[in-house]
Amino acid sequence: QVQLVESGGGLVQAGGSLRLSCAASGTIVSINAMGWYRQPPGKQRELVAVITSGGMTRYADSVKGRFTISRDNAKNTAYLQMNSLKPDDTAVYYCNAGVRTSSTYLSSYNYWGQGTQVTVSS
């Protein structure tokens, strides 16, 4: 089994910064893409940023230029550096990873973190 452990959420003022971490552990052969999603109050979950195993990144337009996703493959960990935070960034943030768990079976499966609350006050 695989679990994703998040840390770094909290309450910040507009203009402030936070860094979220997501550490994967368990029966891991390799990790493909890792991503961050968020779900604002009363809205659907949306993709924030994604990073491939090779380091290619994509961002939602609403966070481009303010957020940076990165990963440390040796630590099976992804990060989301969030700068210039706005009240509209308030949401529960979720980590996601595509994980291969078998050396003989090639399929990967998506795993999710528990979610961490980010609240930005004005």
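Refer to the structure printed above.
Now for a quick tour of the structure. Counting of residues starts from 1 at the beginning of each chain's written sequence and follows it residue by residue. Reporting of local features is limited, given that this is a predicted model, to residues whose pLDDT is at least 70; pairs of side-chain atoms are given and counted only at 80 or more, and all residues count toward the totals for whole chains, interfaces and linings. The side-chain figures draw on all heavy atoms in the structure; neither hydrogens nor water molecules are used.

**Examining the side chain of Arg71**
Alright, step 1. Secondary structure elements are taken from DSSP: a helix is a run of H or I of four residues or more, a strand is a run of E of two residues or more, and numbering for both begins at the N terminus. By secondary structure assignment, the location of Arg71 is in strand E7 (residues 67-72).
Alright, step 2. Only protein chains enter the accessibility calculation, which uses a 1.4 Å probe; a residue is then buried when its area is under 20% of its type maximum, exposed when over 50%, and partly exposed in between. Positive residues here are Lys and Arg, negative ones are Asp and Glu, while His and the chain termini are left out of the count. Basic side-chain nitrogens of Lys or Arg form a salt bridge, by our definition, when they fall within 4 Å of a carboxyl oxygen of Asp or Glu. Buried Arg71, no salt bridge; nearest opposite-charge side chain is Asp72, N-O distance 8.2 Å.
Alright, step 3. A polar side-chain atom of Arg71 sits 2.6 Å from the main-chain carbonyl oxygen of Asn32.
Alright, step 4. A distance of 3.1 Å separates a polar side-chain atom of Arg71 from the backbone oxygen of Thr52.
Alright, step 5. Arg71 has contacts with Ile31, Asn32, Ala33, Met34, Ile51, Thr52, Ser53, Thr77, Ala78 and Tyr79, leaving out every residue within four places of it along the chain. Residues adjacent in sequence count toward polar contacts only when both atoms are side-chain atoms; beyond that, a polar contact is any pair of N or O atoms within 3.5 Å, and within protein one must be able to donate a hydrogen and the other to accept it. Two residues qualify as a contact provided that any one of their heavy atoms is within 4.5 Å of a heavy atom in the partner residue.

**With respect to the pairing of strand E4 (residues 30-39)**
Alright, step 1. Paired strands, as defined in this entry, are two strands with at least two bridges between them according to DSSP. As paired elements, E4 and strand E9 (residues 91-100) share 8 bridges and run antiparallel to each other. Across the sheet, residue Met34 finds its bridge partner in E9, namely Ala97.
Alright, step 2. Pairing of E4 with strand E5 (residues 46-51), which is carried by 5 bridges, proceeds in the antiparallel orientation. Residue pairing across strands places Tyr37 opposite Leu47, the latter belonging to E5.
Alright, step 3. Hairpin geometry of E4 and E5 is characterised by an intervening segment of 6 residues between the two adjacent antiparallel strands and by a positive phi of about 75° at Gly42.

**A look at the nonpolar core**
Alright, step 1. By size, the foremost hydrophobic cluster in this structure holds 28 residues, and its most contacted members are Leu4, Trp36, Val48, Phe67, Leu80, Met82 and Tyr93.
Alright, step 2. Every element with two or more residues in this core is listed here: strand E1 (2-7), strand E3 (18-26), E4, E5, E7, strand E8 (77-82), E9 and strand E11 (116-121).
Alright, step 3. Ranked by residues supplied to this core, first place goes to E9 with 5 residues.
Alright, step 4. In contact with Leu4, other than residues within four places in its own chain, are Cys22, Ala23, Ala24, Cys95, Asn96, Ala97, Tyr111, Trp112, Gly113 and Gln114. Residues grouped as a nonpolar core are buried Ala, Val, Leu, Ile, Met, Phe, Trp, Tyr and Cys residues, joined through side-chain atoms within 4.5 Å.

**Re the state of the cysteines**
When the sulfur atoms of two cysteines share a covalent bond, that bond is a disulfide.
Alright, step 1. Put simply, a disulfide is two cysteine sulfurs that come within 2.5 Å. Applying the stated criterion across every chain yields a total of 1 disulfide.
Alright, step 2. Covalent S-S linkage joins Cys22 and Cys95, the inter-sulfur distance amounting to 2.0 Å. Of note, the bridge from Cys22 to Cys95 carries an S-S torsion of about -80° and is left-handed in sense. Residue Cys22 is located in strand E3, and its partner Cys95 is located in strand E9; the two are separated by 73 residues in the primary sequence.
Alright, step 3. Accessibility expressed as a relative area gives 0% for Cys22, which makes it buried.

**Let's talk about the sheet that holds E8**
For sheets, the rule is that strands pair by backbone hydrogen bonds, running either parallel or antiparallel.
Alright, step 1. Spatially, E1-E3-E8-E7 is the arrangement adopted by the 4 strands of the open sheet, whose pairing is antiparallel. Unpaired on one side and paired on the other, E1 and E7 mark the two borders of the sheet. Strand-to-strand twist across the sheet, computed as the mean angle between neighbouring axes with direction ignored, equals 15°.
Alright, step 2. Sheet analysis places E7 next to E8, joined by 6 bridges and oriented antiparallel. For Ile69, the partnering residue across the bridge sits in E8 and is Leu80. An axis is simply a line fitted to the C-alpha atoms; with a helix, the fit covers only the stretch in contact. Between two such axes, the angle follows the N-to-C directions and lies from 0 to 180 degrees.

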